[in-house]
Amino acid sequence: MSADTATQPERHSAYEDAIAIVVGTMFMALGIVIYTKTVLLAGSTAGLALLLQYATGIGFWWLFFAINLPFYILAVKKLGWAFTLRTFAAVTLVSIFTRLTFELVSFSHLDPLYAAVMGGALSGTGLLILFRHRTGLGGINVLAIYLQDHFGIRAGYFQLAVDLAILAAAYFVIPLDRLALSIVGAVVVNMTLAINHRPGRYLGVT
């Protein structure tokens, strides 16, 4: 066996991709519910959906699904139909699981600082699972994966910049203490990605 063959990445099966998408979106949904319960803000399109939910009272699951619709055009043109279909499935599942988690999980006490860190860790881990199976959550995630694949810009650092811009807009919507904790959560999410999602570190492909 040649050295090139020995280092050839092992391709994920369709079954592995399906399980990863379900598990990754469940992590994301729980993180979002934790944020919602403590009036915290996530980043990316999920953060925008949360911000609009706090401002309008419309449910996150509807807003998140609708906001992502325009980004599928970029996904198809730049990342292909397979990626786009997996992303559409992931966005739909996050919307559904978030709605279900509100009914299945309740908290008698949830400290906001703990919520920021744990919600960020759950969301970051969920995104990591999805990214490693060539799946995004629409919007900024699609753009982040495209930039990393084609220009070497790390997905985590790019998303951190975008997330901070969204958090700045939240100044007019949520209390300052929750805004500060949301920034902590955004750092946790994106450092999870920046540390673990590097080209060449994970060899599995979809």
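Report follows, based on the coordinates. Since this is a predicted model, take the numbers as computed values, not measurements. (Residues numbered from 1 in each chain as written. Predicted model: local features only at pLDDT ≥ 70, side-chain atom pairs only at ≥ 80, totals over all residues. Heavy atoms only, no water.)

1. With respect to helix α8 (residues 155-169)
Using the following cut-off: Helix numbers and strand numbers start at the N terminus; a helix is a DSSP run of H or I with at least 4 residues, a strand a run of E with at least 2. Expected helix span is computed as 1.5 Å times (number of residues minus one). Accessibility here uses a 1.4 Å probe with only protein chains present; expressed as a share of the type maximum, an area under 20% marks a residue as buried, one over 50% as exposed, and anything in between as partly exposed. Here the arc refers to the set of directions running from the helix axis out to each C-beta atom.
With 15 residues, α8 extends 22 Å between its outermost C-alpha atoms, agreeing within 8% with the 21 Å of an ideal straight helix rising 1.5 Å per residue. Those residues of α8 that sit buried are Ala155, Gly156, Gln159, Val162, Asp163, Ile166 and Leu167. Taken around the axis of α8, the buried residues stretch over an arc of 145°, which confines them to a single face.

2. Considering the packing of helix α2 (residues 14-37) against helix α5 (residues 71-104)
The condition is simple: Simply put, an axis is a line fit to the C-alpha atoms, just over the touching stretch for a helix, and the angle between two N-to-C directions goes from 0 to 180 degrees. By the definition adopted for this analysis, an angle is roughly parallel if under 35 degrees, roughly antiparallel if over 145, roughly perpendicular if from 65 to 115, and oblique otherwise. What makes a crossing left-handed is the near helix being turned counterclockwise from the far one by less than a right angle; a clockwise turn instead makes it right-handed. Any two residues whose heavy atoms approach within 4.5 Å are treated as being in contact. Here the term charged refers only to Asp, Glu, Lys and Arg, the term nonpolar to Ala, Val, Leu, Ile, Met, Phe, Trp, Tyr, Cys and Pro, and the term polar to all other amino acids, Gly among them.
Put simply, α2 and α5 touch, their axes get as near as 8 Å, and they point 45° apart. On the basis of their axis angle, the class for α2 and α5 is oblique. Two packed elements cross with a definite hand, and for α2 against α5 that hand is right-handed. For the pair formed by α2 and α5, the contact residues are Ile21, Val22, Thr25, Met26, Met28, Ala29, Leu30, Ile32, Val33, Thr36 and Lys37 on the first element and Arg86, Ala90, Leu93, Val94, Phe97, Thr98, Thr101 and Phe102 on the second. For the contact of α2 with α5, a count of residues per class yields 13 nonpolar, four polar and two charged.

3. Side note on unusual backbone geometry
For Val39, which is not glycine, the phi dihedral falls at a positive 55°. With respect to the helices and strands, Val39 occurs in the loop between α2 and α3 (44-56).

4. Things to note about a nonpolar patch on the surface
To be explicit about the condition: Only residues whose relative accessible area exceeds 30% and that form no salt bridge are eligible for patches; like-charged ones are grouped when within 9 Å, while nonpolar side chains (Val, Leu, Ile, Met, Phe, Trp, Tyr) are grouped when within 5 Å. Each accessible area is a Shrake-Rupley estimate made with a 1.4 Å probe; only the visible protein chains count as cover when residues are assessed. By definition here, a salt bridge exists when the distance from a side-chain nitrogen of Lys or Arg to a carboxyl oxygen of Asp or Glu is within 4 Å.
Among the surface-exposed residues, Tyr157, Leu164, Ile183, Val187, Met191 and Ile195 lie close enough to one another that they form a single nonpolar patch of about 470 Å² accessible area. Broken down by secondary-structure element, the contributors of at least two residues to the nonpolar patch are α8 and α9 (176-196). Assessed through its relative accessible area of 39%, Leu164 is described here as partly exposed.

5. Examining the pattern of salt bridges
Within this structure, the stated rule accounts for two salt bridges. A salt bridge links Glu103 to Arg99, with the shortest nitrogen-to-oxygen separation between them at 2.8 Å. Remark: Arg99 and Glu103 occur in helix α5; sequence separation between them is four residues, near one turn of the helix. For Glu103, a relative accessible area of 55% corresponds to the exposed category. A residue is classified by how much of its surface remains accessible, and Arg99, at 34% relative accessible area, is partly exposed. Of the charged contacts, one joins Arg178 and Asp177 as a salt bridge, the two residues approaching to 3.4 Å between their closest N and O atoms.

6. Digging into the side chain of Thr192
For clarity, the cut-off: In protein, a polar contact requires one atom able to donate a hydrogen and another able to accept it; more generally it is a pair of N or O atoms within 3.5 Å, and residues adjacent in sequence count only if both atoms are side-chain atoms.
You can see Thr192 is positioned in helix α9. In terms of polar contacts, Thr192 uses its side chain to reach the backbone carbonyl oxygen of Val188, at 2.7 Å. Not counting residues within four places of it along the chain, the set of residues in contact with Thr192 comprises Gly124 and Thr125.

7. Quick word on the packing of aromatic side chains
Let me state the cut-off plainly: Only rings of Phe, Tyr and Trp enter the pairing, Trp through its six-membered ring, and a pair is recorded when the two centres are within 6.5 Å. The plane angle decides the type: under 30 degrees is stacked, over 60 is edge-to-face, the rest tilted.
Per the stated rule, a full pass over the model turns up five aromatic pairs. In this structure an aromatic cluster arises from ring pairing among Phe65, Tyr72 and Phe88.

8. Looking at the packing of helix α4 (residues 60-68) against α5
Closest axis-to-axis distance for the α4/α5 pair is 9 Å, and the angle between their directions is 175°. Considered as vectors, α4 and α5 are oriented roughly antiparallel to each other. Across the interface between the two elements, Phe60, Trp61, Phe64, Phe65, Ile67 and Asn68 of α4 pack against Phe71, Tyr72, Phe88, Val91, Thr92, Val94, Ser95, Thr98, Arg99 and Phe102 of α5.

Just distances and angles here, no functional claims.
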